[in-house]
Amino acid sequence: MQRQIDLEISQLKGMILAMGGAVESAVEEVTLALKDRNLSRISRVKDLETQINQFQIQIDERCLKLIASQSPLAADLRTILAVLKINSDLERMGDQTINISHNVREYLPEPPLPLINVVLEMAIAVRTMIKESLDAFIRGDVEVSKRVLLQDDAVDEGKNKVFTEATELMKQNPDYVDGGLDLILIARNLERLGDHATNIAEDVIFVSTGQDIRHGGFRE
Amino acid sequence: MTNVVLRSEKLKAFIDATEIIHGIDLSVFQNEVLAMIGPSGCGKSTFLRCLNRLHEVVPGARVEGQVVLKEKPIYGAAVDPVKVRAQIGMVFQKPNPFPTMTIFENVASGILLTQSKSKSELQDVVESALRSAALFDEVKDKLDRSAMSLSGGQQQRLCIARALAVKPEVLLMDEPTSALDPISTAKVEELILQLKSKTTIIIVTHNMQQAARVSNRTAFFLFGELIEHGATQDMFTNPKQKKTEEYITGRFG
């Protein structure tokens with residue numbers, strides 16, 4: 001028997017996937033703008049963020065209606081709770097891409113810093129994390145989620161490297177201060193994007209197993 | 001919540017040659033609310049009725065195994081079923097006040113059957129039971145009126161007061177709100193939450209949200225078997241057994 005709630009949850013997952021696709025595109029645009037020193041790419045990010053915000057409202061409304069009308073339990077309840085949380089994470093990720101686009105706009109007129117490659121590697125890793133965490137959600141894949149959790153360490157290391165080395169460069173050459181600060185802020189926002197992808201991976205594990213592995217539970 | 005007040009041991013229930021309950025072991029702890037859920041015909045009401053020897057009043061019915069109340073078996077030649085039913089009270093699906101009795105007499109009926117009390121003592125016990133059932137303020141000026149003058153929700157709380165008047169160790173409730181409107185249901189649920197400080201409650205319900213709202217633990221029955229039991233929060237968010245998951249998410253039943 002096909003349950004109405006199965007259809008609704010399937011549609012919600014589709015909306016999360018579309019919203020996540022917009023987040024991935026926004027990350028790609030800011031990354032390419034930085035890599036190719038192409039400011040025109042940034043203009044699309046605002047449109048994508050508007051789409052992301054609209055998805056957030058629509059998904060919240062549908063979840064509210066579903067909870068009120070179906071009183072979901074067990075795996076259904078965990079899935080809808082995860083949709084609400086992932087919705088919130090993706091919306092914050094949209095905001096972070098906007099932050100990065102501002103930092104890129106500020107950075108590009110400055111003298112290029114050698115650290116840019118570390119930042120671009122971080123951006124690639126973060127995009128992979130976002131893509132894999134959303135794929136894992138759709139498929140309920142715990143193993144892929146665990147891989148996402150481990151990838152976050154590399155992103156954190158990248159951020160620490162940018163912080164340390166940019167600080168050193170700024171001390172040595174005041175010309176690098178503005179650009180160095182921009183890269184620190186970009187790295188900081190990329191690291192936050194990785195944290196949100198981690199949240200999604202943790203939600204996938206909760207949906208699939210009922211285990212709450214947040215705040216260190218995974219490593220335990 | 002570690003003291004076992006009531007437990008069933010390999011409990012089987014039969015109607016003639018048909019085995020309805022297939023050897024259930026289940027412990028109930030002091031001052032908890034245990035919800036029993038399962039599809040119609042799964043045996044949960046029969047199991048409940050075995051717990052205070054009501055099953056045996058059905059023609060052709062018999063029980064195997066044992067039920068132990070505070071370490072004393074309730075099945076045996078020397079045990080008086082009337083006394084068992086005073087210690088393990090029952091509230092039914094439809095309110096069933098005695099129609100020819102007043103409100104006062106309804107509550108006093110159980111006490112008069114099992115205990116001897118002076119008139120003033122009786123008045124105190126009736127008032128206390130009505131207060132415990134959150135009904136006293138609504139009926140205090142009409143205790144001599146027929147119980148049938150009350151609304152359905154009030155009648156059900158009167159039945160709860162009647163059961164409470166004899167100070168039972170355990171109160172069994174068989175779908176106690178299924179015949180009530182949402183406001184009366186909310187009052188009975190609120191009452192259940194208050195009563196668990198005084199007694200132990202086992203409630204059969206078809207309403208999953210009700211089980212989630214009022215109970216500490218939940219037991220899932222299917223085809224006369226106890227499939228799974230555990231903390232209510234775990235049962236409704238992450239049940240261990242696939243059958244439980246399928247039932248509470250509406251895939252069958």
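This text follows the structure it describes.
Residues numbered from 1 in each chain as written. Chains lettered and ligands numbered in written order. Predicted model: local features only at pLDDT ≥ 70, side-chain atom pairs only at ≥ 80, totals over all residues. Heavy atoms only, no water.

(A) Spotlight on the overall build of chain B. A count of helices and strands for chain B gives 10 helices and 10 strands. Since a compact globule built from 253 residues should have a radius of gyration of about 18 Å, the 18 Å found for chain B is in line with a globular shape. Projecting the C-alpha coordinates of chain B onto the three principal axes gives extents of approximately 55 × 45 × 35 Å. Burial status across chain B gives 50% buried among its 253 residues. Taken as a whole, chain B presents about 11,500 Å² of accessible surface, with 51% of it coming from carbon and sulfur. Side-chain charges of chain B comprise 30 positive and 28 negative groups, with the mean position of each set lying 1 Å from the other. (Helix = DSSP H or I, 4+ residues; strand = E, 2+ residues; numbered from the N terminus. Rg over C-alpha atoms; globule rule 2.2 N^0.38 Å. Buried < 20%, exposed > 50% of the residue type's maximum accessible area, 1.4 Å probe, protein only. Areas by Shrake-Rupley, 256 points an atom, 1.4 Å probe, with all protein chains shown as cover. Lys, Arg positive; Asp, Glu negative; His and termini not counted. Charge placed at Lys NZ, Arg CZ, Asp CG, Glu CD.)

(B) How the structure looks around the pairing of strand E8 (residues 200-204) of chain B. Residues and elements named next belong to chain B. Most of E8 sits out of view: five of its five residues are buried. Every second residue of E8 is oriented toward a common face, with Thr200, Ile202 and Val204 on one face and Ile201 and Ile203 on the other, all of them buried. Bridge count for strand E3 (residues 33-37) against E8 is four bridges, and the pairing is parallel. Note that in E8 the partner of alanine 35 across the bridge is isoleucine 203. Bridge count between strand E7 (residues 170-174) and E8: five bridges; the pairing is parallel. What sits directly across from aspartate 174, in E8, is valine 204. As for the winding sense of the linkage, the β-α-β connection from E7 through helix H7 (residues 182-195) to E8 is right-handed. (Pairing = 2+ DSSP bridges. Right-handed = clockwise from strand over helix to strand, strands pointing away.)

(C) Spatial organisation of the side chain of Arg217(B). Residue and element names in this part refer to chain B. Examined against the element boundaries, arginine 217 turns out to sit in strand E9 (residues 217-222). Polar side-chain contacts of arginine 217 include one of 2.8 Å to the side chain of glutamate 32. Apart from residues lying up to four places away in sequence, arginine 217 is in contact with Ser27, Val28, Phe29, Glu32, Val33, Leu34, Ala35, His229, Gly230, Ala231 and Thr232. (Polar contact = N/O pair within 3.5 Å; in protein donor to acceptor, adjacent residues only side chain to side chain. Contact = heavy atoms within 4.5 Å.)

(D) Geometry of the nonpolar core. With 68 residues, the main nonpolar core has Ile59(A), Leu90(A), Leu183(A) and Leu190(A) as its most contacted residues. Of all elements in the fold, only helix H1 (4-36), helix H2 (43-70), helix H3 (74-107), helix H4 (116-139), helix H5 (142-172) and helix H6 (177-209) of chain A reach the threshold of two or more residues within this core. Considering each element in turn, this core owes the most residues, 13 residues, to H1(A). Those residues within four positions of Leu183(A) in sequence are excluded, and the remaining contacts are Tyr107(A), Leu113(A), Leu115(A), Ile116(A), Val119(A) and Val162(A). Listed in part, the 47 residues of the second largest apolar core include Val107(B), Ala163(B), Ala165(B) and Ile192(B). (Core = buried A, V, L, I, M, F, W, Y, C linked by side-chain atoms within 4.5 Å.)

(E) Spotlight on the pairing of E7(B). Counting buried positions along E7(B) gives five out of five residues, so the element sits mostly inside the fold. Alternating positions in E7(B) separate into two faces, Val170(B), Leu172(B) and Asp174(B) on one and Leu171(B) and Met173(B) on the other, with burial throughout.

(F) Up close: the sheet that holds strand E10 (residues 225-231) of chain B. Residues and elements named next belong to chain B. Here six strands make up an open sheet; going across it, the order is E6-E7-E8-E3-E9-E10 and the pairing mixed. Edge positions in the sheet fall to strand E6 (88-91) and E10, since each of these pairs with one other strand and no more. This sheet shows a mean twist of 20 degrees between the axes of neighbouring strands, independent of strand direction. H7 rests against E3, E7 and E8 of the sheet, and its axis sits at about 145 degrees to E8. (Axes fitted to C-alpha atoms, helices over the stretch in contact; angles between N-to-C directions.)

(G) Geometry of the sheet that holds strand E1 (residues 4-15) of chain B. Residue and element names in this part refer to chain B. A sheet is described by the order of its strands in space; here four strands give the open sequence E2-E1-E4-E5, paired in antiparallel fashion. A strand with exactly one partner marks an edge of an open sheet, and here the two such strands are strand E2 (18-29) and strand E5 (72-73). Sheet topology places E1 next to E2; nine bridges connect them, and they run antiparallel. Of the residues in E2, the one forming a bridge with arginine 7 is serine 27.

(H) Representation of the interface of chain A and chain B within the structure. The partner chain B presents 11 residues to the 12 residues of chain A that form the contact. Across the chain A to chain B interface the summed buried area is about 900 Å²; carbon plus sulfur atoms make up 49%. If you sort the residues of chain A by the area they bury against chain B, Arg3(A), Leu73(A) and Ala74(A) come out on top, with a joint share of 54%. Across the pair Arg251(B) and Asp6(A) runs a salt bridge, and its minimum N-O distance is 3.7 Å. Summed over the shared surface of chain A and chain B, the number is seven residue pairs in polar contact (both at pLDDT 80 or more). With five residues, H3(A) is the largest single contributor of residues to the side of chain A that touches chain B. Residue composition of the side of chain A that touches chain B, by class: five nonpolar, three polar and four charged. (Buried area = accessible area lost by both parts, 1.4 Å probe. Salt bridge = Lys/Arg side-chain N within 4 Å of Asp/Glu carboxyl O. Nonpolar A, V, L, I, M, F, W, Y, C, P; charged D, E, K, R; others polar.)

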